[in-house]
Amino acid sequence: MHSMLISTRKGLFVAELSGNTYRVTRGHFIGDNVTLAMVDPRGGWYAALEHGHFGPKLHRSDDHGETWIEIATPAYPPKPEGLEEKDMFGRELKWATSLLWSLAPALDKEGAIWCGTIPGAMFRSDDRGATWKIVESLWFMPERKKWSGGGRDFPGIHSICVDPRDPKTVAIGVSTGGVWRTRDAGATWSVASQGMRAEYTPPEKKFDPIAQDVHCLVQCKSAPRVWWAQHHNGIFKSTNDLESWTEIEKAGPSVFGFTVVVDPADPDTAWFVPGQKDEKRIPVGGKLVVTRTRDGGKTFDVLGRGLPDNFAYDLIFRHGMAMSADGALAFGSTTGNVFASRDRGDTWSAVSHHLPPVHAVTFA
Amino acid sequence: MVSFTPNLERHVECPSTTVEGATVREVLDRVFADNPRLRGYVVDEQGALRYHMLVFVDGQQITDRERLSDPVRPTSELYVMQALSGG
C-alpha cells in the first residue's frame, strides 16, 4: 500500500489506507516544523526540517519512517571577502541555506539526490545526503542574480523535474526566476520559460522569461514533451518540450493557485486547487474546490464533492497535492485539512480535519 | 564556561563546558571541534550567528554577530541563547 506523507508545521504525519480511506497512523518529529518530505524510489525517506532558531536540517529514514538519522544540510560555499550581494529590497543576500525547498532523486547515479534551496541554489549529493555540493554553474550564472523573491523574500528553487527520457536532463522551477533546464546533469543551464506572461511587472518585462513567478512545475511521465505550470497569475502549458508556453486563460472559478499535478499516464489531465487571487489567497466564495482538465486545458471540471462548500479558507501550497503510484490523489491545506480521492477527484474524503498547517503531501 | 539554551538539547547534546579562547569565535570553534553537529545549530555556514540566536558574554549581548569577534576573558561566562520568536 502507498503511505501518504504529510509534512506540517508541527511534524511529519503518515496516513495509510484502511479499507477505502486513508487514516493518519503515526507522526514523526512531533512539534517540529517539517517543510518537505521526499520518497526516493530507490529507497529512503527524506525529511526537511526548519527549526527556526537552529536553522534548516535534513533527516533520512531507511525503514519507512520508523527511525531517522540527521544527515548533512546543503551549505553554501564561503562568500568571497568583500563581495556585496543584495536582494530586491536592498538587503544583504546571505550565502546561507534558509530553506530546503525541493528534493528529488538524481536518477543518473545510484544514491544521488538534488536539493533546491532558498536563496536560489541547487545542490547535489552523491551519497544519500552525507555530503552536498552546490551546483556552481547555476549559482555563479550571471542571470541568477536577476532572480527575485516570490513566495519568500529571497528567490528559491521549488520544483525539480528529472526527465524520464534522460536523467541527466533536469528542469527546475524558480520563484521568481522562470524555468531553467540542464541537459548535462547541471553543468550548463538555459532558460525555458518563453511564452509565460507576468502580470505584476512593468509592460516591457511582461514576457521576460526570468520575470516569471512559477509556483509549481510538473512534467508528464508518459508524454514528457508536455509540461504544466501553476504560475503566480495563471496556468501555463507547454506541449513542445519547453520551447514555448501557452497560457490557459480560464479554469473554473480562478486560475490563481500554487499547486499542480499532472496525470503521469495522460498529459491532458491535470489538477489544480484554485485560490481567489494573489491578494486574496482563499477559495473563491469560501468554497473549496479542485479543478481538473481532461482535454489539455480546453475545459475544466470543478470538483467539490466531499469538500467544504462554505466558510472554508484552506490554501494549498505548491507541494501540497500529490498522486500515488496507484492513482490516488491527496492534498493538504494551511487549515490542517487533508483530503484524498480514489476516483481521480470526482469525490473526496477527509483524511484529517485537525492536523497542523500542511506544507507538503507526497506518497511512498 | 559556555552554556547552551536547554531547548537545543532536544536536537543535539550540548552540555556546559569550559574552553579557552580570546574571542567568542575562538571559544565556540573549540566547542564545535569536539561537537561538530552543534555548529550548524548555532551558526550558519558562513560562521555567522543564526538569525534568532543570541550570545551573551558576562551578561552582555555580543555585537559582532557575523565574525563573533567580541572579546572573552579567561573567567568569562558565555551563554548561547535563543531569542523569543515564532509561533
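Refer to the structure presented above.
One structure accompanies this document, and this report is about it. Remember, predicted model here, so these are calculated numbers, not experimental data.

**Let's talk about the overall build of chain B**
Part 1 of the reasoning: Along chain B, the regular secondary structure elements total two helices and four strands.
Part 2 of the reasoning: Helices and strands appear in chain B in the N-to-C order β-α-α-β-β-β.
Part 3 of the reasoning: In terms of overall dimensions, chain B is globule-like: its C-alpha atoms have a radius of gyration of 12 Å, near the 12 Å expected for 87 residues.
Part 4 of the reasoning: Projecting the C-alpha coordinates of chain B onto the three principal axes gives extents of approximately 35 × 25 × 25 Å.

**Let's talk about the overall build of chain A**
Part 1 of the reasoning: A tally of regular secondary structure across chain A gives one helix and 28 strands.
Part 2 of the reasoning: Computed over the C-alpha atoms, the radius of gyration of chain A is 19 Å, within 12% of the 21 Å expected from 2.2 N^0.38 for a compact globule of 364 residues.
Part 3 of the reasoning: For chain A, the spread of C-alpha atoms along the principal axes amounts to about 55 × 50 × 40 Å.
Part 4 of the reasoning: For chain A, with 364 residues in total, the buried portion stands at 49%.
Part 5 of the reasoning: Of the contacts formed within chain A by residues at least 6 apart in sequence, a portion of 48% connects residues at least 24 apart.

**Quick look at the sheet that holds strand S27 (residues 349–352) of chain A**
Two strands in a sheet stick together by hydrogen bonds in their backbones, pointing the same way (parallel) or opposite ways (antiparallel).
All names here are of chain A.
Part 1 of the reasoning: As summarised here, the arrangement of the four strands in space is S24-S25-S26-S27, forming an open sheet in which the pairing is antiparallel. Each end of this open sheet is capped by a strand with a single partner; those strands are strand S24 (321–323) and S27. Each adjacent strand pair in this sheet contributes to an overall mean axis angle of 25°, direction not counted.
Part 2 of the reasoning: Of the strand pairs in this sheet, strand S25 (residues 329–332) and strand S26 (residues 338–341) are connected by four bridges, and their pairing is antiparallel. Bridged to Ala330 within S26 is Ala340.

**Comments concerning the nonpolar core**
Part 1 of the reasoning: Counting residues in each nonpolar core, the largest one holds 97 residues, and the members touching the most others are Ala37, Val261 and Ala330 of chain A.
Part 2 of the reasoning: Other than its neighbours up to four places away in sequence, Ala330 of chain A contacts Met4, Ala322, Val338, Phe339, Ala340, Val351 and Val361 of chain A.
Part 3 of the reasoning: Of all hydrophobic cores here, the second largest spans 20 residues; its members include Phe54 of chain A together with Cys14, Val31 and Tyr41 of chain B.

**Section: the pairing of strand S16 (residues 214–219) of chain A**
Residues and elements named next belong to chain A.
Part 1 of the reasoning: Within S16, six of the six residues are buried, which leaves the element mostly enclosed by the surrounding structure.
Part 2 of the reasoning: Where S16 lies against strand S17 (residues 227–231), five bridges are found, and the strand directions are antiparallel. Within the sheet, the bridge partner assigned to Cys216 lies in S17 and is Gln230.

Each value, and the rule that gives it
Residues numbered from 1 in each chain as written. Chains lettered and ligands numbered in written order. Predicted model: local features only at pLDDT ≥ 70, side-chain atom pairs only at ≥ 80, totals over all residues. Helix = DSSP H or I, 4+ residues; strand = E, 2+ residues; numbered from the N terminus. Rg over C-alpha atoms; globule rule 2.2 N^0.38 Å. Buried ≥ 20, exposed ≤ 12 C-beta atoms within 10 Å, placed from the backbone. Contact = placed C-beta atoms within 7 Å. Pairing = 2+ DSSP bridges. Axes fitted to C-alpha atoms, helices over the stretch in contact; angles between N-to-C directions. Core = buried A, V, L, I, M, F, W, Y, C linked by C-beta atoms within 7 Å.

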